[in-house]
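For reference, the chains in residue letters:
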Amino acid sequence: MSEPTYTARILTQISDVAAADWDALIPTHSRGGNHPFLTHRFLNAAEVSGCASAETGWMPRHIWVEDASGTAIGAAPLYVKSHSQGEYVFDHGWADALMRAGMDYYPKLQSCVPFTPATGPRLLSHTEEGRTAVAGAMMQACAEWDMSGVHLTFLNEDDRPVLNNLGFAAREDRQFHFINRDYADFDAFLASLSSRKRKNIRKERKAAQDGVTIKRLSGDDLKDEHWDVFYQCYLDTSQRKWGRPYLNRKFFDLMQQTMRDDIVLVMAWMDDTPIAAALNYIGSDALYGRNWGALVHKPFLHFELCYYQAIEAGLERGLPRVEAGAQGEHKLARGYEPVITHSAHWLAHPGLRQGVEDYLDRERLAVEHEVSILAKHTPFRKD
């Protein structure tokens, strides 16, 4: 029996294919289904705005796979990276090791959503056969272009077995997510906590809301002036934490034009003056917290806008979870639980590949141990 025949081509911009054709390949049955960040409109906004471009070190080289009849069976967001910024899975040590050996780590291939540490499909296909074809096309491109490796980050569970079968090394990290255990509302969530933690959250919310008006804006309630304020807030946080912002104002203009129905923007005013904002995206089974900033300092306002308001918004929509982004053990006391995130890596240099695989074996054990310890310190009642 002959092997199936596939044709893979490279998209130098995602607009080379129709939005409907790309979106039709996004799996909807798995964790992360109807994922807003994988839509054609989101990825296109990153490119059209210039945020994901060769100039910023994110050169689009998306994979598009068709069968012998010309029917699309798979795709993947893919970028040629000249650095490791904006990925949230850190491989700087690997780059240093290869460069000390006199070889180049960059450029490399990265399959992810730029600047977005949210779990979802990377091998966009409705079949294992399609996912395998897409991953194989990535490996072939890596070899033909003489890249140091292929990296797929924040993977869902459907992609991992395919990549494991192809020899990719598995990596784990952890985030904190709010898990909706059929809570009717925020008070029902609070009732599940220990008395001390429940009182602490109420105290924080009262302090944050004192003298402040908070609104959750979505769809046609979102206006250009709201984005003006949000962008000021975003710049403040970006410049304090990273030195430069990843996203520009044009990107958020495109969010207003194409994705305002997929967004919850939480904004705070004091004396009719806007002072802070937090940006969330709505998926089919999660609310994704992304960016936040404040123009004035007010105690606990960060927790209120980014965590408690996100929980309320998620519960209102009946979503199974809220993902609050990277980092942050402080989320644990606020009802967000430790979960393991996954990535997969294939490195061309045999020596580096073996060294990284040995390291990842130890790192996975450490991550799993950390998560098990953190899980014992959640704020929920122990009875």
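Our subject is the structure that appears above.
Because the structure is a prediction, the values reported are computed rather than measured.

**A closer look at the packing of aromatic side chains**
Next up, step 1: One pass over the full model with this rule turns up 28 aromatic pairs.
Next up, step 2: Pairing Phe-37 with Phe-42 gives two aromatic rings, centres 5.2 Å apart and planes at 75°, and the pair type is edge-to-face.
Next up, step 3: Judged by relative accessible area, Phe-37 falls into the buried class, the value being 1%.
Next up, step 4: Owing to a relative accessible area of 5%, Phe-42 belongs among the buried residues under this scheme.
Next up, step 5: Centroid distance Phe-42 to Phe-251: 5.6 Å. Interplanar angle 85°. Geometry classified as edge-to-face. Within this pair, whereas Phe-42 is found in helix 2 (residues 40-48), its partner Phe-251 is found in helix 9 (residues 249-258), the two being separated by 209 residues in sequence.
Next up, step 6: Of the residues examined, Phe-251 reaches a relative accessible area of 1% and is grouped as buried.
Next up, step 7: Taken together, Phe-37, Phe-42, Trp-227, Phe-230, Tyr-231, Tyr-234, Phe-251, Phe-252, Tyr-281 and Tyr-288 form an aromatic cluster joined through their ring pairs.
Next up, step 8: When the ring centre of Trp-269 is taken as origin, the NZ or CZ atom of Lys-215, which lies over that ring, is 5.5 Å away.

**Re the environment of Ser-192**
Next up, step 1: Counting through the fold element by element, Ser-192 comes out in the loop between helix 6 (186-191) and helix 7 (195-209).
Next up, step 2: Residues Ser-192 and Arg-181 lie 11 residues apart in sequence; the distance between their C-alpha atoms is 9.7 Å.
Next up, step 3: Not counting residues up to four positions away in its chain, the partners in contact with Ser-192 are Tyr-183, Phe-380 and Arg-381.
Next up, step 4: Reaching out from Ser-192, the side chain makes a polar contact with the backbone oxygen of Phe-189 at a distance of 2.5 Å.

**Thoughts on unusual backbone geometry**
Next up, step 1: The residue after Tyr-106, namely Pro-107, is reached through a cis peptide bond having omega 10°.
Next up, step 2: Its place among the elements puts Pro-107 in the loop between helix 3 (92-100) and strand 6 (108-111).
Next up, step 3: Positioned with a positive phi, Phe-115 is a non-glycine residue whose angle comes to about 65°.
Next up, step 4: Structurally, Phe-115 is set in the loop between strand 6 and helix 4 (128-144).

**A closer look at empty space enclosed by the protein**
Next up, step 1: Using the criterion set out here, one finds 3 cavities of 30 Å³ or more in the structure.
Next up, step 2: Taken as a whole, the largest cavity encloses approximately 80 Å³ of empty space.
Next up, step 3: Where the lining of the largest cavity is concerned, the elements lending two or more residues are helix 2 and strand 12 (287-294).
Next up, step 4: Per-class residue counts for the lining of the largest cavity are 8 nonpolar, 2 polar and 1 charged.
Next up, step 5: Space inside the second largest cavity adds up to approximately 50 Å³.

**Looking at the state of the cysteines**
Next up, step 1: A full pass over the atoms with the stated rule returns 0 disulfides.
Next up, step 2: We note that Cys-112 lacks a disulfide partner, and the nearest cysteine sulfur, in Cys-51, lies 14 Å from it.
Next up, step 3: Exposure remark for Cys-112: the relative accessible area of 3% places this residue in the buried category.

Analysis parameters
- Residues numbered from 1 in each chain as written.
- Predicted model: local features only at pLDDT ≥ 70, side-chain atom pairs only at ≥ 80, totals over all residues.
- Heavy atoms only, no water.
- Phe/Tyr/Trp six-rings, centres within 6.5 Å; stacked < 30°, edge-to-face > 60°.
- Buried < 20%, exposed > 50% of the residue type's maximum accessible area, 1.4 Å probe, protein only.
- Helix = DSSP H or I, 4+ residues; strand = E, 2+ residues; numbered from the N terminus.
- Lys NZ or Arg CZ within 6 Å of the ring centre and 35° of its normal.
- Contact = heavy atoms within 4.5 Å.
- Polar contact = N/O pair within 3.5 Å; in protein donor to acceptor, adjacent residues only side chain to side chain.
- 1 Å grid on protein atoms, 1.4 Å probe; cavity = no way out; pocket = protein on both sides within 12 Å on 5 of 7 lines; lining within 4 Å.
- Points joined across faces, edges and corners; volume = space filled by probe spheres on them.
- Nonpolar A, V, L, I, M, F, W, Y, C, P; charged D, E, K, R; others polar.
- Disulfide = S-S within 2.5 Å.

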